[in-house]
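An overview of the molecular structure
So the chains spell out like this:
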Amino acid sequence: MANDNSSLVRGLTASDTTLLVIGTVIGTGVFLKSAVMAQEVGSPGLVLAAWVAAGFLSLAGALSYAELGALLPQAGGEYVYLRQAYGDAPAFLYGWTRFSVASTGAIAVLGVGFATFLSAVAPLTTVWLQHNYTLLGQEIHWQFGTKQILAVGAILFFSAINCIGIVFGGRVQSVLTLLKVLGIAVIVIGVFSLSGTATWANLRSSTGGAKVAGVSAFGAAMVAALWAYDGWNAMPMVGGGGSQPGPQYPPGFDWRHARGDGDLLSGESRLLLCAPVCASRHIQFNRSSPCFAGSN
């Protein structure tokens, strides 16, 4: 009987999938969204409350997916679950929506975030083409220059890494995740040892305006935090590449996402310690920009 070579290579270990979830959760969102959330709710206490509430909500989703991933250890994540529950048609439509809009949009935002942060330390000011237009009532400022080339190049670079193979891609993801965690640790330690503005009084400060955060404002802050937490559903996406499919952890306990939640909340707390929330009033955002729309 001929060997079946059509199945996926199960080259991801438990450590790889753990670091995949943590690395996907820890992204640019904690840095891009902090000021937006502070502008919405107006106080550091409510900002942290929004992070905690969104973290528990995301953790509930991660726990649900942990059970589904153990029952259906196949590549595809939501596609597999929808196909099992509702049939081929809804799963097919979801798959194409994910491919053409959701995942591509998220990847584009991450590329923009990478170029945006790098432009703070490297000169990326050259613009070759630019145009202003209005779409759905929003004014869009489109431009093409070195920053956009860098964003596209980053996407192509990591796409090529993943095309080499699942084992190599998993190892690169693990290394980058460890660097992210190390970076957050450096920020946390630096706040207490190097920052001259860090004070516990910043956690009691407010924007100083007359705006009082209501349910809608808190909900908007939670939406921003939920985007930053996005990634809790990453592991089932590569269920077909896990070397040990099925339950590997204590039932009902997904500590991988909990670790990502803790890292984000720790980093956010230290950012609030360094600068009062009222500083967020001086940060301007282009609401039509992908960076305002979200990045995890």
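Going along each chain's sequence as written, the residues are numbered from 1 onward. Side-chain atom pairs in this predicted model are given and counted only at pLDDT of 80 or more, local residue features only at pLDDT of at least 70, and totals for whole chains, interfaces and linings cover all residues. Hydrogens and waters are ignored; side-chain quantities use all the structure's heavy atoms.

What to know about the overall build of the protein chain
On a plain count of helices and strands, the protein chain comes out with 12 helices and 2 strands. Mapped from its N terminus to its C terminus, the protein chain presents α and β elements in the order α-α-α-α-α-α-β-β-α-α-α-α-α-α. Taking all 296 residues of the protein chain together, 35% fall into the buried category. We call two residues in contact when some of their heavy atoms are within 4.5 Å. Taking the intrachain contacts of the protein chain between residues at least 6 apart in sequence as the baseline, contacts between residues at least 24 apart amount to 81%. Helix and strand definitions here come from DSSP, where helices need a minimum of 4 consecutive H or I residues and strands a minimum of 2 consecutive E residues; each element is numbered from the N-terminal end. Burial status follows relative accessibility: with a 1.4 Å probe on protein chains alone, a residue under 20% of its type maximum counts as buried, one over 50% as exposed, and anything between as partly exposed.

Considerations on the pairing of strand β2 (residues 138-145)
A pair of strands counts as paired when DSSP detects no fewer than two bridges linking them. Strand direction decides the pairing type here: strand β1 (residues 127-135) and β2, joined by 8 bridges, are antiparallel. Pairing of N132 across the sheet is with H141, part of β2. The turn joining β1 and β2, which pair antiparallel and follow one another in sequence, is formed by 2 residues; a positive phi near 55° is taken by L136.

Observations regarding the packing of aromatic side chains
Any two rings among Phe, Tyr and Trp, with Trp reduced to its six-membered ring, count as a pair given centres within 6.5 Å; such a pair is stacked if its planes are under 30 degrees apart, edge-to-face if over 60, and tilted if neither. Evaluation of the coordinates by the stated rule reveals 7 aromatic pairs. Among the aromatic residues, ring-to-ring pairing joins Y65, Y81 and W232 into one connected group.

Digging into the environment of S174
Considering the arrangement of structural elements, one finds S174 in helix α8 (residues 166-193). According to the relative accessible area criterion, S174 is buried, its value standing at 8%. Considering only alpha carbons, one finds S174 and T18, 156 residues apart in sequence, at a separation of 8.7 Å. Contact partners of S174, with chain neighbours within four places excluded, come to D16 and L19.

Describing a nonpolar patch on the surface
Patch criteria: residues need more than 30% relative accessible area and no salt bridge. Like-charged residues are merged within 9 Å; nonpolar side chains of Val, Leu, Ile, Met, Phe, Trp and Tyr are merged within 5 Å. Note on areas: Shrake-Rupley with a 1.4 Å probe; residue coverage comes only from the protein chains shown. Basic side-chain nitrogens of Lys or Arg form a salt bridge, by our definition, when they fall within 4 Å of a carboxyl oxygen of Asp or Glu. Where nonpolar side chains cluster on the molecular surface, the patch consists of W128, L129, Y133, L135, L136, W142 and I149 and spans about 790 Å² of accessible area. With 4 residues, the top contributor of residues to the nonpolar patch is β1. Inspection of the secondary structure puts W128 in strand β1.

Re the environment of A62
Mapped onto the elements, A62 comes out in helix α4 (residues 44-71). Placed 171 residues apart in sequence, A62 and N233 show a C-alpha to C-alpha distance of 6.3 Å.

A short note on the packing of helix α1 (residues 14-25) against α8
Where α1 contacts α8, the two axes come as close as 9 Å, and the packing angle between them is 50°. Viewed along their axes, α1 and α8 adopt a mutual orientation that is oblique. Handedness of the α1/α8 crossing: left-handed. Within the contact between the two elements, α1 uses D16, L19, L20, I22, G23 and T24 and α8 uses G170, R171, Q173, S174, T177, L178, K180 and V181. Residue type decides the class: Asp, Glu, Lys and Arg count as charged, Ala, Val, Leu, Ile, Met, Phe, Trp, Tyr, Cys and Pro as nonpolar, and the leftover types, Gly among them, as polar. Looking at the contact of α1 with α8, its residues break down into 5 nonpolar, 6 polar and 3 charged. Working convention: axes come from line fits to C-alpha atoms, limited for helices to the stretch in contact. Angles between N-to-C directions cover 0 to 180 degrees. For classification purposes, angles smaller than 35 degrees are called roughly parallel, those larger than 145 roughly antiparallel, those between 65 and 115 roughly perpendicular, and all remaining angles oblique. Crossings are sorted by hand: turned counterclockwise from the far helix by less than a right angle, the near helix makes the crossing left-handed, and turned clockwise it makes it right-handed.

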